[in-house]
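The primary structure of each chain is shown beneath.
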Amino acid sequence: MKLFDVYNCYDINLVNGKGMKLSDDKGNQYLDFYGGHGVISIGHSHPHYMFRIENQLHCLGFYSNAVKNELQDKLASKLGQLSEYDDYQLFLCNSGAEANENALKIASFHNQKSKIISIKGAFHGRTGGALSITDNPKLSSEFNAKHNVIFVEMNDTESLVKELEKGDVSAVIIEGIQGVNGVFEPSVDFLKATKSACEQNDVLLILDEIQSGFGRSGKFFAHQYSDVKPDIITTAKGMGNGFPIAGVLIAPEIKAWKGMLGTTFGGNHLACAAATAVLETIKEEHLLENAVEIGNYLIDKLKENQAIKAIRGKGLMIGIDIKNMSEIRTKLLKEHGIFTGSSGQNTLRLLPPLSITKEEADQFIEAFNCVLASTCAA
């Protein structure tokens, strides 16, 4: 049997990782400034992370949600404290797309409406409902395209409010920072106006913090740079540092009923151990503060290069607009062994582990400036 060939991927077989560093089966060394789409939050093979998972595996690796799992309660408590959403409720699942699917379902159950407002350029996942609110028709089948979804421009308050006033909208979903569309973020005024209009029209506000959450922005969630509290928050990627886990944080006024949601693997024992280790490490190693410090350092240093058109982002979620982005990204990998990502057509995306050091940041800056100079000269 062969794999279903849907991925464009580098011909690199990674076999080891430690902190920011990776190595392949040929012994080549790499520096990870992409974290596997922002998944690696506390670094590869973190000792506390490995201890938590190994210890749990010796006890019990899995049982379904047909039995009580106290690890879920402990995870919910730690997540509530660190995120400052202690009064919210938590539903655990397996992926970001699944978290968004459940968020949309919760909203529709709550207000008995079906229309969703999403933001142009959004990416919310590749499953049925999640793909319908993702602004990429190329990815959408006829099945996905039949959902009741309206797209509005980011920060276009007037258009959004007009749609809400029609009275048939169930939820508005906004990314804390758009990861796939060039690292753009909603303004504080837009978030505040959206929250107010949602309250006036019986609409739930969902913040997709799947990529921008779990400390990536320097706050626990990117929307916390404003004082807006959404009704529902979705999170995944950095939550498990590579172990599949996702969560839906749900406001206390939204009531659950038995059978409302369900999942076989969501919140399993190993997943809870992984996510608990991530939360403990973020707190103990002050990784929110490190994300702010190193993120600001990177942005300030990169701004010195006149070949860069623009830099956007917060913390360690950074987008760099440059000419020949794809070529530069390839040279960074092949000539300097540095993994980076892309966001849109011309934006290089950086999503390194939150544990990155200043020395590792300097290593990237030196390599990036070198590649940029050689590319521009050519």
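Nothing here was measured: the structure is a model prediction, and the numbers come from that model. As a convention, each chain's residues are numbered from 1 in the sequence order in which they are written. Whole-chain, interface and lining totals are the exception, using all residues; otherwise, since this is a predicted model, local features are given only for residues with pLDDT of at least 70 and side-chain atom pairs are given and counted only at 80 or more. Side-chain descriptors were evaluated using all non-hydrogen atoms of the structure, hydrogens and water having been removed beforehand.

1. Observations regarding the overall build of the chain
Right, on to step 1. Across its full length, the chain carries twelve helices and 15 strands.
Right, on to step 2. Computed over C-alpha atoms, the radius of gyration of the chain comes to 21 Å, within 12% of the 21 Å expected from 2.2 N^0.38 for 378 residues, which places it in the range of a compact globule.
Right, on to step 3. Seen through its C-alpha atoms, the chain measures out along the principal axes to roughly 60 × 55 × 45 Å.
Right, on to step 4. Only protein chains enter the calculation, and the probe is 1.4 Å; a residue is then buried if its accessible area is under 20% of its type maximum, exposed if over 50%, and partly exposed in between. Each of the 378 residues in the chain was classed as buried or not, and the buried ones make up 53%.
Right, on to step 5. Contact between two residues is taken to exist if any of their heavy atoms lie within 4.5 Å; hydrogens are not considered. Counting only contacts in the chain whose residues sit at least 6 apart along the sequence, the fraction spanning at least 24 positions is 74%.
Right, on to step 6. Per-residue and other accessible areas were derived by the Shrake-Rupley procedure at a 1.4 Å probe size, with only the shown protein chains allowed to occlude residues. When the accessible surface of the chain is split by element, carbon and sulfur atoms take 51% of a total near 17,800 Å².
Right, on to step 7. Seen as two clouds, the 37 positive and the 45 negative side-chain charges of the chain have centres 3 Å apart. Starting at the N terminus, helices and strands are each numbered in turn, a helix being any DSSP run of H or I of at least four residues and a strand any DSSP run of E of at least two. Between the two quantities, the radius of gyration covers C-alpha atoms and the globule rule is 2.2 Å times the number of residues to the power 0.38. Positive residues here are Lys and Arg, negative ones are Asp and Glu, while His and the chain termini are left out of the count. Lys charges are placed at NZ, Arg charges at CZ, Asp charges at CG and Glu charges at CD.

2. A word on the pairing of strand β10 (residues 246–250)
Right, on to step 1. The element β10 is largely enclosed, with a buried count of five among its five residues.
Right, on to step 2. Here β10 shows no split at all, with A246, V248 and I250 on one side and G247 and L249 on the other all buried.
Right, on to step 3. In this scheme, strands are said to pair when DSSP sees at least two bridges between them. Here strand β4 (residues 89–93) runs beside β10; their pairing, made up of five bridges, is antiparallel. Along β10, the bridge assignment pairs C93 with A246.

3. Some words on the packing of aromatic side chains
Right, on to step 1. Side-chain rings of Phe, Tyr and Trp, where Trp is taken by its six-membered ring, are said to pair if the distance between their centres is within 6.5 Å; with planes under 30 degrees apart they count as stacked, over 60 as edge-to-face, and otherwise as tilted. Scanning all chains against the criterion turns up ten aromatic pairs.
Right, on to step 2. With a centroid separation of 5.0 Å and 90° between ring planes, the pair formed by F220 and F221 is classed as edge-to-face. This pair shows no difference in class: F220 is buried, exactly as F221 is.
Right, on to step 3. Grouping aromatic residues by their ring pairs yields a cluster made of Y85, Y88, F214, F220 and F221.
Right, on to step 4. Above the ring of Y225, the side-chain terminus of K219 is found at 5.6 Å from the ring centroid. In this scheme, Lys NZ or Arg CZ marks a charge over a ring once it lies within 6 Å of the ring centre and within 35 degrees of the ring normal.

4. Quick word on helix α8 (residues 188–200)
Right, on to step 1. The terminal C-alpha atoms of α8 lie 19 Å apart, and with 13 residues this matches the ideal 18 Å at 1.5 Å per residue to within 8%.
Right, on to step 2. Structurally, α8 contributes buried residues whose contacts are with β5 (115–119), α7 (157–164), β7 (169–175) and β8 (204–208).
Right, on to step 3. Among the residues trailing α8, D202 stands out with phi positive, at a value near 55°. To estimate how far a helix should reach, multiply one less than its number of residues by 1.5 Å.

5. Remarks on the environment of Q306
Right, on to step 1. With respect to the helices and strands, Q306 occurs in the loop between α10 (287–302) and β11 (310–314).
Right, on to step 2. Residue classification places Q306 among the exposed positions, given a relative accessible area of 72%.
Right, on to step 3. When the C-alpha positions of Q306 and F221 are compared, they lie 31 Å apart, and in sequence the two are 85 residues distant.

6. Focus: a nonpolar patch on the surface
Right, on to step 1. Patches here: salt-bridge-free residues with over 30% relative accessible area, like charges joined within 9 Å, nonpolar side chains (Val, Leu, Ile, Met, Phe, Trp, Tyr) joined within 5 Å. The rule for a salt bridge is simple: a side-chain nitrogen of Lys or Arg has to be within 4 Å of a carboxyl oxygen of Asp or Glu. On the surface, L60, F62, Y63, V67 and F265 cluster together into a nonpolar patch covering about 470 Å² of accessible area.
Right, on to step 2. Structurally, L60 can be placed in the loop between α2 (47–59) and α3 (70–83).

7. Focus: the domain arrangement of the chain
Right, on to step 1. Under the domain assignment used here, the chain contains domain 1 (14–43 + 286–377) and domain 2 (47–285).
Right, on to step 2. Domain ranges listed in this record stem from an automatic or a database domain assignment. Summarising the inter-unit geometry, the C-alpha centres of domain 1 and domain 2 are found 26 Å apart.
Right, on to step 3. Taken together, the contact between domain 1 and domain 2 spans 28 residues of the former and 32 residues of the latter.
Right, on to step 4. What counts as buried area is the accessible surface, traced by a 1.4 Å probe, that two parts surrender upon association, with contributions from both included. Taking both sides of the interface into account, the surface hidden between domain 1 and domain 2 amounts to around 2,500 Å²; carbon and sulfur atoms contribute 57%.
Right, on to step 5. At the surface where domain 1 touches domain 2, the tally comes to one salt bridge.
Right, on to step 6. In this structure, the salt-bridge partner of E185 is K314, at a minimum N-O distance of 2.6 Å.
Right, on to step 7. Going through the elements one at a time, α1 (35–38), α10, β11, β12 (317–321) and β15 (347–350) are the ones with two or more residues in the side of domain 1 that touches domain 2.
Right, on to step 8. Looking at the side of domain 1 that touches domain 2, the element that brings in the most residues is α10, giving four residues.
Right, on to step 9. Of the residues belonging to the side of domain 1 that touches domain 2, the class tally is 13 nonpolar, eleven polar and four charged. Only Asp, Glu, Lys and Arg are considered charged in this grouping, and only Ala, Val, Leu, Ile, Met, Phe, Trp, Tyr, Cys and Pro are considered nonpolar; every other residue, Gly among them, is considered polar.

8. Some words on the sheet that holds strand β3 (residues 29–32)
Right, on to step 1. Read across the open sheet, the four strands follow the order β1-β2-β3-β13; overall the sheet is mixed. Every interior strand has two partners, whereas the edge strands, β1 (14–18) and β13 (338–339), have only one.
Right, on to step 2. Pairing of β1 with strand β2 (residues 21–24) involves four bridges; the strand directions are antiparallel. Following the sheet pairing, G17 is matched in β2 by L22.

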